[in-house]
Amino acid sequence: MLFGQEHVRRYLETGGEEGHDWQGTTVLILTTTGRKTGRKHSTPLIYQPYGDAYLVVASKGGSDTPPDWYLNLVANPEVEVQIKRDRFRARARTATPEEKPDMWRVMTRAWPAYDEYQRKTSREIPVVVLERI
């Protein structure tokens, strides 16, 4: 089973042939710019299409702190996304309170454990919208 940076490496090497389909769901590679270092960081994330955009969830498994990639995109919302062989720039934003309920339903259909993660933490887990630019 692919995980972490090995997942990223295999996904990029194979254009998503290995790693896009993962444990019954789909994964993209999100590359953010480090808010402290300015270096590029790539992370495999479960995603779902949503209209012309794509959704990911900043869950960190229900941790009380958000994932670093989320803090990075808040500081610098221009990101790179790869879905299979399609690589593009995107602008990332947190879903508004009005948007989130429907987007959350879409994401929990793709990965039901998100509901469990939200129960584990008092932190409001964000849904992130990735819009191609």
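Anything mentioned here points back to the structure above.
The model shown is predicted, which means the values in this text are computed figures rather than measured ones. Sequence order as written defines residue numbering, which begins from 1 separately in each chain. Predicted model: local features are reported for residues with pLDDT of at least 70 only, side-chain atom pairs are reported and counted for 80 or more only, and whole-chain, interface and lining totals are derived from all residues. Hydrogens are left out, water is left out, and the side-chain values use all remaining heavy atoms of the structure.

Enquirer: Go over the nonpolar core, please, and point to the residues and values.
Expert: To form a nonpolar core, buried Ala, Val, Leu, Ile, Met, Phe, Trp, Tyr and Cys residues must be joined to one another through side-chain atoms within 4.5 Å. Whether a residue is buried, partly exposed or exposed follows from its accessible area with a 1.4 Å probe, protein chains only, as a fraction of its type maximum: under 20%, in between, or over 50%, in that order. Within the largest apolar cluster, 20 residues are counted, with the highest numbers of intra-cluster contacts made by Ile46, Leu55, Val57, Tyr114 and Val127. Those elements giving two or more residues to this core turn out to be α1 (4-14), β2 (25-33), β5 (53-57), α3 (100-110), α4 (113-120) and β8 (127-132). Counting from the N terminus, the helices are DSSP H or I runs at least four residues long and the strands are E runs at least two residues long. Of all the elements, α3 adds the most residues to this core, at four residues. What Tyr114 contacts, discounting residues up to four positions off in sequence, is Ile46, Val57, Ser59, Trp104, Met107 and Thr108. Within the second largest apolar cluster, 18 residues are counted, among which are Leu45, Tyr47, Tyr54 and Ala92. Contact between two residues is taken to exist if any of their heavy atoms lie within 4.5 Å; hydrogens are not considered.

Enquirer: Any details on the packing of aromatic side chains? Residues and values, ideally.
Expert: Stacked, edge-to-face and tilted labels apply to pairs of Phe, Tyr and Trp rings (six-membered ring for Trp) whose centres lie within 6.5 Å, assigned for plane angles under 30 degrees, over 60, and everything in between, in that order. The full count for this structure, using the stated rule, is six aromatic pairs. For the ring pair Trp22 and Trp111, a centre distance of 5.5 Å and an interplane angle of 25 degrees mean the geometry is stacked. Remark: Trp111 occurs in the loop between α3 and α4 and Trp22 occurs in strand β1 (residues 21-22); sequence separation between them is 89 residues. Take Trp22 and Trp111: they sit in the same class, and that class is buried.

Enquirer: Please set out helix α2 (residues 68-75) residue by residue, giving values where relevant.
Expert: Every buried residue belonging to α2 is among Trp69, Tyr70, Asn72 and Leu73, and all of these are buried. What you see down the axis of α2 is that its buried residues fit within an arc of 160 degrees, all on one side. Seen from the open side of α2, the exposed residues pointing more than 90 degrees away from its buried face are Val74 and Ala75. The inward-facing, buried residues of α2 contact β2, β3 (40-46), β5, β6 (78-83), β7 (86-94) and β8. Directions from the helix axis toward the C-beta atoms define the arc.

Enquirer: Which residues make up unusual backbone geometry, and what are the values?
Expert: Even without glycine at this site, Lys60 takes up a positive phi of about 50 degrees. Tracing the sequence through the fold places Lys60 in the loop between β5 and α2. A positive phi angle is found at Lys84, which is not glycine, with a value near 55 degrees. Checked against the element boundaries, Lys84 lands in the loop between β6 and β7.

Enquirer: Pulling in residues and values, what's your account of the environment of Glu17?
Expert: Position of Glu17 among the secondary structure elements: in the loop between α1 and β1. Distance in space between the C-alpha atoms of Glu17 and Arg85 is 8.7 Å, their sequence separation being 68 residues.

Enquirer: Can you lay out α4 for me, pointing to particular residues and giving the numbers?
Expert: Among the residues of α4, those classed as buried are Tyr114, Tyr117 and Gln118. Down the axis of α4, the buried set is contained in an arc of 100 degrees. They therefore lie on one face. What points out from α4, more than 90 degrees from its buried face, is the exposed set Arg119 and Lys120. Along its buried surface, α4 packs onto β3, β5 and α3.

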